Amino acid sequence: MTVPDRLSPGDPAPEFTLTTDTGDQLSLAGLRGRKVVLYAYPAAMTPGCTKQACDFRDSLASLQAAGYEVVGISPDKPEKLAKFRERDAITFPLVSDVDKAVLTAYGAYGEKQLYGKTVTGVIRSTFVIDADGKIERALYNVKATGHVAKLRRDLNLD
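So, a few notes on the structure that sits alongside this text. None of the values given here were measured: they were computed from a predicted structure.

Inspection of the secondary structure puts Ser-59 in helix α1 (residues 47-65). Not counting the four nearest positions on each side in its chain, Ser-59 is found in contact with Val-148 and Arg-152.

Right under this line is the structure:
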């Protein structure tokens, strides 16, 4: 099995400019000076991804109060992301990486185990990026349920 290259604390976060759920462009460079929680998820409007997005939505005020911006990234098209945002009242940007280049650069796309089989797809991951654009934490194969609560504890927000 080919495991994608993984990022480690201290690595520069791969730069990106991607289309959001509103059709605007969002770049990591445009967020410089702020801490960013970038989380990669496989597909909008699926049960696990909905649970995770709603957990981030429900924790957004406290994350922002601690100086974090939240951005979700998936290979979904912007139109599907817009439906996801509207359906579940998502209050942070969702970016579209249809060609999976950014997901690959972050080590969040590649071979993974799914129900005992090796498949290629998005590896549910979360990246905490500091204000200077460096990886502070790179968490791979996270669980959809309970992950945001664990991240909040790890960041000493609870």
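Taken as a whole and judged by the stated rule, the model has eight aromatic pairs. With 4.4 Å between their ring centres and 20 degrees between their planes, Tyr-39 and Phe-56 make a pair best called stacked. One end of the pair, Tyr-39, is in strand β3 (residues 35-40); the other, Phe-56, is in helix α1, with 17 residues separating them in the sequence. Per residue, the accessibility class of Tyr-39 equals that of Phe-56, and both read buried. On the numbers, 6.0 Å between centres and 65 degrees between planes, the contact of Tyr-39 with Phe-92 is edge-to-face. Here Tyr-39 is found in strand β3, whereas its partner Phe-92 is found in the loop between α2 (78-88) and β5 (94-96), with 53 residues between them in sequence. For the pair Tyr-39 and Phe-92, one class covers both residues: buried. An aromatic cluster is defined as three or more aromatic residues linked by ring pairs; in this entry it consists of Tyr-39, Tyr-41, Phe-56, Phe-84 and Phe-92. The cationic tip of Arg-6 hangs over the ring face of Tyr-140; the distance from NZ or CZ to the ring centre is 4.2 Å. Over the aromatic face of Tyr-68 sits the side chain of Lys-35, whose NZ or CZ is 4.4 Å from the ring centroid.

Turning to the environment of Tyr-41, a few remarks are in order. With respect to the helices and strands, Tyr-41 occurs in the loop between β3 and α1. The spatial distance from the C-alpha of Tyr-41 to the C-alpha of Gly-121 is 9.8 Å, given a sequence separation of 80 residues.

Core analysis: the largest hydrophobic core is formed by 22 residues, its most contacted members being Phe-16, Leu-38, Ile-73, Tyr-106, Phe-127 and Ile-129. Counting only elements with at least two residues in this core, the list comes to β3, β4 (68-74), α3 (101-105), β8 (125-129) and β9 (135-140). Take this core: its biggest share by element is three residues, from β3. Ignoring anything within four residues of it in the chain, the contact list for Ile-129 reads Ala-13, Leu-28, Arg-34, Lys-35, Val-36, Leu-38, Tyr-106, Lys-134, Ile-135 and Glu-136. Membership of the second largest hydrophobic core comes to 20 residues, among which are Val-37, Cys-49, Ala-53 and Val-148.

Reading the values: rules and limits
Residues numbered from 1 in each chain as written. Predicted model: local features only at pLDDT ≥ 70, side-chain atom pairs only at ≥ 80, totals over all residues. Heavy atoms only, no water. Helix = DSSP H or I, 4+ residues; strand = E, 2+ residues; numbered from the N terminus. Contact = heavy atoms within 4.5 Å. Phe/Tyr/Trp six-rings, centres within 6.5 Å; stacked < 30°, edge-to-face > 60°. Buried < 20%, exposed > 50% of the residue type's maximum accessible area, 1.4 Å probe, protein only. Lys NZ or Arg CZ within 6 Å of the ring centre and 35° of its normal. Core = buried A, V, L, I, M, F, W, Y, C linked by side-chain atoms within 4.5 Å.

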